[in-house]
Amino acid sequence: MDNNLLTEVCVSRIRQNVPELKALALSRKGLRDLDCCYIAQALKTNVFLQKLDLSDNALTDESALFLADMLLQNTALTHLDISGNPMTSAGGGAFIKALQTNASLVRLGCEGGMLGPAAEERILYWLELNMRPPDLKQFLPAVQRNAADVDILDLSGPNTQALVYDDAAAMMVADAMEVNTHVRTLILDHNFKTDSRVIPVLQALERNSTITSIGLRNDHVGPDGARALAQLLQQNDTLTEVNLMDNEIGDAGARALLEALEHNNLCRSLPLAGNDINDVLLRKIDAALTLNTQPNELKQVLPMIMANDASLLELRLCGASSGTVGNTVTKRPEDLKSYYNNLSALLLADALRSNTFVRVLDLRDNFIGPEGAKALAELLQINDFLATVNLKDNFVRDEGARALVIALERNDSVVELDLSGNGLSSKMETELKNAITLNRVPTKLKKLLPRLRANDETLTEISFADQALACVPPAPPKLQNLDDLCAELLFQVLQANTNLTTLNLSFQDFTDRGVRFLAGILHVNQALTSLNLYQNQAITDVGIDALIAALNANDVLTELDCSGANKVTLPALKALEAAVLMNRYPLALKRAIPLIRANAPTLRRLDLRPPVEDTPRAKRATLDDSACAVLASALRSNVYITALDLSGCGITSYGVQHIADYLRECAVLHSLDLSDNCITQDGAQFLTKALHKNATLQELRLRGNGLEEHGGKQLEALLRVNGTLRVLDTGGCGIHAKLQRRITLLIEMNAHAALVKNAL
């Protein structure tokens, strides 16, 4: 059959799309380029012919162009043999270009080097791709030439075609990814069916510095594949996400991954469902991944915190600020891994729960927010070792600050808490300041302040002397001893307190400023009876003067020790002792002494009888010997008092001696009532001796005293020489009736003589 007829027959059958026509052998038929043109044109629409043999004909590069053009449209032809034809590398170039689009041709016979070695190598490359899944051919060339627009390589399945990723395909992917610098995401889900295909890819990625995400779901990775991935995680410094679900890696593979994560700081997502891993390992891996979402410094320092490393005293984890605008720190969202967030705060809080060495926690310029602040607040309720916490510029807001304020009520160690730059309201700032102020004072005082404010009935005595003797000093600026700040706090709670009676503040650090606050307490508090300020070295005369002024308004404090203060002069101490002593005397005497000394003209009659009411002050309303001495001393310079009532004051014979000394010199007193005291015959002797020289006293009442007979005789003897006394009441003094009548007669005689004298 001649060539023309043969060509016509073949072209006709090809155009008819005969299903039975699967192969067509036209070898050694003397076909020329025109014949090839007709055949190629017919094959463009044929969907059944799979094999075409055109070997050993007279086809040139022109025929190569016809066939290449046909391959751009034909999707059925799988085998094409053109060997033995006078084609050159130019024809090879046409086939290379066509095979980049054609996905069906898997064999192109061109033996003998007719197309040139380079062209044949490239043709072989594309034919191999046509034997692999279509998506590999779609993406791999771009990956291999490092195309900048390909940053995702998705080779996932399940593949519905017969072609699957075999070992050769896996190696092609591995080789391409090893040198690629643009693909960031590689998805191999469901297609790499064995670990032998996955492992080469993972090993190649060890040298890749761009990849950030790998999908390996349901790829039968197994323990060995997991180990290869673990090795990758230790070598690669860009990978952040790996999907390893449904891969049967088991506990062995999981342990390898866990060990790798100890050295990896970037991988944050590693789904492991469907891998038959025990819960303990899963939790550990999840914890490691959580750490990888945090700044690297946190991952490094957490083990030291949990190990209670004694060398770790300060945690300074400040955020990486990108710059400042005025006083405001600006932070770039893309750099958030450089900052600590609410999860960071939670991790730190958990680690610090049992730590006993860290004193400083500095998290300024981060993003912990209200939730992070709440996590730290829970920590502060159980940790008593942190002293300084800096949360400046952390978006804490009032919500987070409120949690911290509440926590400080139970925390005694934090003395510095910086929440500036957190958008707090003025009210919250005040609450925070007050809470920190309380934490700076000794713990004992902090715990007592609420009870004092609540006027606890059981709290009647407090001593801080033991506080000053504590062996282990707190971390500065936590106070060991009470200072002026503590005095101010005591001033706030004790003004209205009615139960505390004894306050020991010895060996503390009060200055004059603090003493002024304590003096302020004495101005209004009417319960405190004992105040000990022994060995407060910083107190001077200024502070003593404030206490003396307060005692002028205070009537209940009877014990006040300010000795041991080196800067206080002796005169100041004596003046204070005198003021305290005055508070031990009856209130009437204390109030009267200034008036007596001031020689007030309006004070003519001085009544110092005890009050009727049953009060603590009333119970000590008697005049002891020293009180009588003070009274007598004051009266010596007074020229207006003419009547003095000291009845029922518990005056003894020794006390009345001071009164008698006053009478010896007095020239104004007309009436003296000493009824119902404790004066005996000795006291009567003191009085009679004084009245031998007194020429003004006209009335003396001694009823109810124990003068007895001897005392009565002394009074009788006095009346025989003293003509001034007109009234002398000695009833109930144990004097015999006969003697009493003689005394009465002498008094009547004095009274009569006075009447006569007045009449004249």
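Please read all numbers here as calculations on a predicted model, not as lab measurements.

1. Describing the sheet that holds strand β15 (residues 461-463)
Here is step 1 of the chain: Pairing is parallel across the open sheet formed by four strands, whose spatial order is β15-β16-β17-β18. In this open sheet, the two strands that pair with only one neighbour each are β15 and β18 (559-561). Direction aside, the axes of adjacent strands within the sheet are offset by 5 degrees on average.
Here is step 2 of the chain: Both strand β16 (residues 502-504) and strand β17 (residues 530-532) contribute to a ladder of three bridges, which runs parallel. Across the sheet, the residue bridging to asparagine 504 is asparagine 532, located in β17.

2. Quick word on the environment of cysteine 628
Here is step 1 of the chain: Here cysteine 628 shows up in helix α25 (residues 625-635).
Here is step 2 of the chain: By relative accessible area, cysteine 628 is classed as buried at 0%.

3. Section: the confidence of the model for the chain
Here is step 1 of the chain: When pLDDT is averaged along the chain, the result is 88; 93% of the residues meet or exceed 70.
Here is step 2 of the chain: Below pLDDT 50 for its whole length, residues 159-163 participates in eight contacts with residues either more than four positions away or in separate chains.
Here is step 3 of the chain: A low-confidence stretch, residues 322-335 stays under pLDDT 50, and its non-local contacts, those more than four residues away or across chains, total 22 contacts.

4. Things to note about helix α12 (residues 296-306)
Here is step 1 of the chain: Buried within α12 are the following residues: Leu298, Lys299, Val301, Leu302 and Ile305.
Here is step 2 of the chain: Buried residues along α12 sit against α10 (250-261), α11 (279-292), β9 (314-316) and α13 (342-352).
Here is step 3 of the chain: Just beyond α12, the residue with positive phi is asparagine 308, at close to 55 degrees.

5. Looking at the packing of helix α17 (residues 443-453) against helix α19 (residues 484-494)
Here is step 1 of the chain: Where α17 meets α19, the closest approach of the two axes is 9 Å, and the angle between their N-to-C directions is 20 degrees. By the angle class used here, α17 and α19 are roughly parallel. The two elements α17 and α19 cross, and the hand of that crossing is left-handed. Note on element contacts: α19 touches α17 through Cys486, Leu489, Leu490, Val493 and Leu494, opposite Leu445, Leu449, Leu452 and Arg453.
Here is step 2 of the chain: Its residues assigned to classes, the contact of α17 with α19 comprises eight nonpolar, no polar and one charged.

6. Let's talk about the packing of aromatic side chains
Here is step 1 of the chain: Overall, the coordinates contain five aromatic pairs when judged by the stated rule.
Here is step 2 of the chain: Summarising the aromatic geometry, the rings of tyrosine 125 and tryptophan 126 are spaced 5.1 Å apart at their centres and angled 75 degrees between planes, so their arrangement reads as edge-to-face. Of the two residues, tyrosine 125 and tryptophan 126, neither departs from the other in class, the shared state being buried.
Here is step 3 of the chain: Measuring from ring centre to ring centre gives 5.5 Å for phenylalanine 507 and tyrosine 534, while their planes differ by 85 degrees; the resulting arrangement is edge-to-face. In this pair, phenylalanine 507 sits in the loop between β16 and α20 (512-524) while tyrosine 534 sits in the loop between β17 and α21 (541-553), placing the two residues 27 residues apart along the sequence.
Here is step 4 of the chain: Residue classification places phenylalanine 507 among the partly exposed residues on the basis of a relative accessible area of 38%.
Here is step 5 of the chain: Taken together, the ring pairs in this structure connect Tyr339, Phe367 and Phe395 into an aromatic cluster.
Here is step 6 of the chain: Taking NZ or CZ as reference, lysine 444 lies 5.5 Å from the ring centre of phenylalanine 464, over its face.

7. Section: the pattern of salt bridges
Here is step 1 of the chain: Here the structure, examined in full by the defined rule, presents 26 salt bridges.
Here is step 2 of the chain: Here glutamate 314 ties to arginine 316 by a salt bridge, and the two come within 3.0 Å at their closest N and O atoms.
Here is step 3 of the chain: We note a salt bridge from arginine 636 to glutamate 665, for which the minimum N-O separation is 3.6 Å. Residue arginine 636 is found in the loop between α25 and β20 (643-645), and its partner glutamate 665 is found in helix α26 (residues 653-665); the two are separated by 29 residues along the sequence.
Here is step 4 of the chain: Since its relative accessible area comes to 41%, arginine 636 is described here as partly exposed.
Here is step 5 of the chain: When salt bridges with common partners are traced through the structure, they connect Glu314, Arg316, Asp362 and Arg364 into a single cluster.

8. Overview of helix α28 (residues 708-719)
Here is step 1 of the chain: Between its first and last C-alpha atoms α28 spans 17 Å; for twelve residues at 1.5 Å apiece the expected length is 16 Å, and the two agree.
Here is step 2 of the chain: Those residues of α28 that sit buried are Gly711, Gly712, Gln714, Leu715, Glu716, Leu718 and Leu719.

9. Concerning the environment of tyrosine 339
Here is step 1 of the chain: Here tyrosine 339 is to be found in the loop between β11 (328-330) and α13.
Here is step 2 of the chain: For the pair tyrosine 339 and alanine 695, spaced 356 residues apart in sequence, the C-alpha separation works out to 98 Å.

10. Focus on the nonpolar core
Here is step 1 of the chain: In terms of nonpolar packing, the biggest core is built from 97 residues, with Leu52, Leu80, Ile82, Phe95 and Leu270 touching the most fellow members.
Here is step 2 of the chain: Among the elements that line this core, the one with the most residues is helix α7 (residues 167-179), at seven residues.
Here is step 3 of the chain: The residues contacting leucine 80, other than those within four sequence positions of it, are Leu52, Leu54, Leu67, Phe95, Leu105, Arg107, Leu108 and Gly109.
Here is step 4 of the chain: Judged by nonpolar contacts, the second largest core, of 52 residues, contains Leu623, Ala684, Leu697 and Leu725.

11. Remarks on the packing of α25 against α26
Here is step 1 of the chain: Contact pair α25 / α26: the axes reach a minimum separation of 8 Å and the direction vectors enclose 5 degrees. In terms of their interaxial angle, α25 and α26 are classed as roughly parallel. The residues of α26 that touch α25, namely those facing Asp625, Cys628, Ala629, Leu631, Ala632 and Leu635, are Tyr654, Gly655, His658, Ile659 and Tyr662.
Here is step 2 of the chain: For the contact of α25 with α26, a count of residues per class yields eight nonpolar, two polar and one charged.

Criteria and cut-off values
- Residues numbered from 1 in each chain as written.
- Predicted model: local features only at pLDDT ≥ 70, side-chain atom pairs only at ≥ 80, totals over all residues.
- Heavy atoms only, no water.
- Pairing = 2+ DSSP bridges.
- Helix = DSSP H or I, 4+ residues; strand = E, 2+ residues; numbered from the N terminus.
- Axes fitted to C-alpha atoms, helices over the stretch in contact; angles between N-to-C directions.
- Buried < 20%, exposed > 50% of the residue type's maximum accessible area, 1.4 Å probe, protein only.
- pLDDT = per-residue confidence, 0-100.
- Contact = heavy atoms within 4.5 Å.
- Parallel < 35°, antiparallel > 145°, perpendicular 65-115°, else oblique.
- Left-handed = near helix turned anticlockwise from the far one by under 90°.
- Nonpolar A, V, L, I, M, F, W, Y, C, P; charged D, E, K, R; others polar.
- Phe/Tyr/Trp six-rings, centres within 6.5 Å; stacked < 30°, edge-to-face > 60°.
- Lys NZ or Arg CZ within 6 Å of the ring centre and 35° of its normal.
- Salt bridge = Lys/Arg side-chain N within 4 Å of Asp/Glu carboxyl O.
- Expected span 1.5 Å × (residues − 1).
- Core = buried A, V, L, I, M, F, W, Y, C linked by side-chain atoms within 4.5 Å.

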